[in-house]
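Chains, contacts and geometry: an overview
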Amino acid sequence: MEEETVRDAISAPDAQGRPRRVTRRFPLFTRDTARPEGGGRAASGAAPAPARQWPLLVVLGTVALGLLVTALDAFRVGILLIGVGLLAGAVLRWMLPGVGMLAVRSRFTDISTYGVLGLVIVLLALMAQPQPWLEIPFLKDTLHSTVTR
């Protein structure tokens, strides 16, 4: 009996470990997607479900705490917590080999996205009016020259 050959671009190996890919053409329909690098469990499979996703829970918990603090009228501290939570996500994605569902895309894309968004949120929180904690002189001059023209 002849073994059936797969004719589309499936690259997963079969039960014997042989690649089933026989053509370089992409399939007409995508049947599955690859898990992002580092998308494995952050804890062993024996651990309960929340413990396996602790990096994501740390980031979401910090952001939720920041939203709560912001809702309770301490906007600058709350927004700083949100930014710090995203920066923590970037650090966790960089340092840990497996971060569970915190891994969304490639490692580089996740670190860049979490890092840039976290940094921008922290800087905006520090520069928020009234009485900013951080003043950048050239920004005030730039804004003044664009508004007066």
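What you see is a predicted model, and the numbers here were worked out from it, not measured in a lab. (Residues numbered from 1 in each chain as written. Predicted model: local features only at pLDDT ≥ 70, side-chain atom pairs only at ≥ 80, totals over all residues. Heavy atoms only, no water.)

Turning our eyes to something else, we now look at the overall build of the protein. When helices and strands are counted, the protein shows five helices and zero strands. Secondary structure elements of the protein, listed N to C terminal, follow the sequence α-α-α-α-α. Among the 149 residues that make up the protein, the fraction classed as buried is 27%. (Helix = DSSP H or I, 4+ residues; strand = E, 2+ residues; numbered from the N terminus. Buried < 20%, exposed > 50% of the residue type's maximum accessible area, 1.4 Å probe, protein only.)

Another point: the nonpolar core. In this structure, Leu56, Val59, Leu86, Ala90, Leu92, Val99, Leu102, Ala103 and Tyr114 together form the largest nonpolar core, which totals nine residues. Broken down by element, this core gets its largest block of residues, three residues, from helix H3 (residues 75-95). (Core = buried A, V, L, I, M, F, W, Y, C linked by side-chain atoms within 4.5 Å.)

So, on to the UniProt feature "transmembrane region" (unreviewed entry) in the protein. This chain's UniProt record puts "transmembrane region" (unreviewed entry) on residues 54-72, 78-96 and 108-128. For residues 78-96, the end-to-end C-alpha separation is 26 Å, with 95% helix and 0% strand making up the annotated structure. As annotated, residues 108-128 has a helix share of 95% and a strand share of 0%, and its two end C-alpha atoms lie 30 Å apart. (UniProt positions renumbered as here; feature names shortened; annotations may be inferred.)

Turning next to the environment of Gly39. Its location among the elements puts Gly39 in the segment before helix H1 (49-52). For Gly39, a relative accessible area of 14% gives the class buried. Residues Gly39 and Arg105 lie 66 residues apart in sequence; the distance between their C-alpha atoms is 9.0 Å. Setting aside residues no more than four positions away along its own chain, Gly39 makes contact with Gly100 and Ala103. (Contact = heavy atoms within 4.5 Å.)

Time to look at the confidence of the model for the protein. Of the residues in the protein, 72% have a pLDDT of 70 or more, and the chain-wide mean is 81. At the level of individual helices and strands, the protein shows its lowest average pLDDT in helix H5 (residues 137-147), which scores 71, and its highest in H3, which scores 96. (pLDDT = per-residue confidence, 0-100.)

Before going further, it helps to spend a moment on the side chain of Arg107. Residue placement: Arg107 occurs in helix H4 (residues 107-127). Residue Arg107 is classed as buried on the basis of its relative accessible area of 17%. Here the side chain of Arg107 touches Arg93 through a polar contact of 2.6 Å, landing on its backbone oxygen. (Polar contact = N/O pair within 3.5 Å; in protein donor to acceptor, adjacent residues only side chain to side chain.)

It is worth spelling out the side chain of Asp110 at this point. Here Asp110 shows up in helix H4. Sequence-distant contacts of Asp110, defined by excluding residues within four places in its chain, comprise Arg93, Leu102, Ala103, Val104 and Arg105.

This next bit is on unusual backbone geometry. With an omega of 0°, the peptide bond running from Gln129 to Pro130 counts as cis. Structurally, Pro130 is set in the loop between H4 and H5. The backbone of Gln131 sits at a positive phi, close to 50°, despite the residue not being glycine. Locating Gln131 in the fold gives a position in the loop between H4 and H5. Given the relative accessible area of 67%, Gln131 is considered exposed.

Turning to the packing of H3 against H4, a few remarks are in order. Close contact between H3 and H4 brings their axes to 8 Å; oriented N to C, the two are set at 160°. Compared by their axis directions, H3 and H4 come out roughly antiparallel. Pair H3 / H4 crosses with left-handed handedness. Contacts between H3 and H4 involve Arg76, Ile79, Leu80, Ile82, Gly83, Val84, Leu86, Leu87, Gly89, Ala90, Arg93 and Trp94 from the first element and Arg107, Asp110, Ile111, Tyr114, Gly115, Leu117, Gly118, Leu119, Ile121, Val122, Ala125 and Leu126 from the second. Across the contact of H3 with H4, the residue classes break down as 16 nonpolar, four polar and four charged. (Axes fitted to C-alpha atoms, helices over the stretch in contact; angles between N-to-C directions. Parallel < 35°, antiparallel > 145°, perpendicular 65-115°, else oblique. Left-handed = near helix turned anticlockwise from the far one by under 90°. Nonpolar A, V, L, I, M, F, W, Y, C, P; charged D, E, K, R; others polar.)

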